[in-house]
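Geometric and topological summary
The residues making up each chain are set out below.
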Amino acid sequence: SLRWSKFYPVGRWDVYPFGKLFAETDEGLGVSSGITFDRRLGDEVIGRASSFAKWRKDTAEIEWTQVLLLAHADELLVPERYGRILRNQDLARGYGMQLLATGERRNRVEYYEASVFYKRPLRHRWLYGYVEPLVRWDRKYGWNADPGIRIGIEALFWDLSRSRGDVPSEPILLRRPADRP
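Residues numbered from 1 in each chain as written. Predicted model: local features only at pLDDT ≥ 70, side-chain atom pairs only at ≥ 80, totals over all residues. Heavy atoms only, no water.

What follows is about the overall build of the protein. Along its length, the protein carries one helix and eleven strands. When its helices and strands are written in sequence order, the protein yields β-β-β-β-β-β-α-β-β-β-β-β. With 181 residues in all, the protein has 40% of them scored as buried. Carbon and sulfur atoms make up 56% of the accessible area of the protein, which totals about 10200 Å². (Helix = DSSP H or I, 4+ residues; strand = E, 2+ residues; numbered from the N terminus. Buried < 20%, exposed > 50% of the residue type's maximum accessible area, 1.4 Å probe, protein only. Areas by Shrake-Rupley, 256 points an atom, 1.4 Å probe, with all protein chains shown as cover.)

This is the structure we're talking about:
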């Protein structure tokens, strides 16, 4: 696959455009792209709007996701792929709420999801635990509310987690608004 992504700091805003051309055995030829806007609301609060779209030749349809997020984030993980930013998975330590809509056609929503989440390191910045109560409204099930909970553990075997003071020049790090470019 060919991948392009960039980080643009603009005052209290961080902008992350992304594009990828891929050929995968299961999915065939495809293109995906997205853009994320993070807005700093104080030292540790992030407002985020993310849009993502993927087209595959075998389906000839566009799958899309739109996410709105409000989070108190003490630490972020340096993302190795765009998908970690799109949802709240780039948080290493934090809590917040998220609204998500996704579809398989340009003008049709397949499901909506609302959740609150909490994530924290469990052991030496390589093991993380999270809990995320949620409600999903799915077209397949007549838009009936379907409450649930995600509970999990993530294990990272490389040094991707950074606190705000560890690496001062990392763009993904949370820095005080006064210290930003």
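Structure shown, so let's carry the discussion forward.
With that settled, the discussion passes to the pairing of strand S10 (residues 145-155). Both strand S9 (residues 127-138) and S10 contribute to a ladder of eleven bridges, which runs antiparallel. Bridge pairing in S10 places Glu 132 opposite Arg 150. Between S9 and S10, which follow one another and run antiparallel, lie six residues, and Gly 142 among them has a positive phi close to 65 degrees. (Pairing = 2+ DSSP bridges.)

What follows is about the environment of Gly 11. Along the chain, Gly 11 turns up in the loop between strand S2 (8-10) and strand S3 (13-24). A C-alpha to C-alpha distance of 9.1 Å links Gly 11 and Arg 39, two positions 28 residues apart in sequence.

To continue, consider the environment of Asp 74. Position of Asp 74 relative to the elements: it lies in strand S6 (residues 62-77). Placed 31 residues apart in sequence, Asp 74 and Asp 43 show a C-alpha to C-alpha distance of 9.0 Å.

Turning to the pattern of salt bridges, a few remarks are in order. All chains considered together, the criterion is met by eight salt bridges. Glu 113 is the partner of Arg 136 in a salt bridge, and the nearest nitrogen-oxygen pair spans 3.1 Å. A residue pair is termed long-range when its members are at least 10 positions apart, and Arg 136 in strand S9 and Glu 113 in strand S8 (residues 111-123) qualify at 23 residues. Three or more residues joined by partner-sharing salt bridges are found here, namely Glu 113, Glu 132, Arg 136 and Arg 150. (Salt bridge = Lys/Arg side-chain N within 4 Å of Asp/Glu carboxyl O.)

What follows concerns the nonpolar core. Within the largest apolar cluster, seven residues are counted, these being Ile 46, Leu 69, Ala 71, Ala 73, Leu 76, Leu 91 and Phe 117. Broken down by element, this core gets its largest block of residues, four residues, from S6. (Core = buried A, V, L, I, M, F, W, Y, C linked by side-chain atoms within 4.5 Å.)

Attention now moves to unusual backbone geometry. Only a minority of non-glycine residues have a phi that is not negative, and only a minority of peptide bonds are not trans. Positive phi, normally seen in glycine, also occurs at Trp 143, with a value near 65 degrees. The topology assignment puts Trp 143 in the loop between S9 and S10.

With respect to the helices and strands, Ala 101 occurs in strand S7 (residues 91-103). The buried category is assigned to Ala 101, whose relative accessible area is 12%. On a C-alpha basis, the gap between Ala 101 and Ala 114 in space is 9.0 Å, while along the polypeptide they are 13 residues apart. The contact partners of Ala 101, leaving out residues within four places of it in the chain, are Trp 64, Thr 65, Gln 66, Tyr 111 and Tyr 112. (Contact = heavy atoms within 4.5 Å.)

Moving on to the packing of aromatic side chains. The final tally for this structure, using the stated rule, is three aromatic pairs. Seen in terms of ring centroids, Phe 7 and Tyr 16 are 5.3 Å apart; in terms of plane orientation they differ by 45 degrees. Their pairing is tilted. Here Phe 7 falls in the partly exposed class, since its relative accessible area comes to 22%. Judged by centre distance (5.7 Å) and plane angle (40 degrees), the ring pair of Tyr 112 and Trp 143 falls under tilted. Placement of Tyr 112 in strand S8 and of Trp 143 in the loop between S9 and S10 is noted, with a sequence separation of 31 residues between them. Judged by its relative accessible area of 31%, Trp 143 is partly exposed. (Phe/Tyr/Trp six-rings, centres within 6.5 Å; stacked < 30°, edge-to-face > 60°.)

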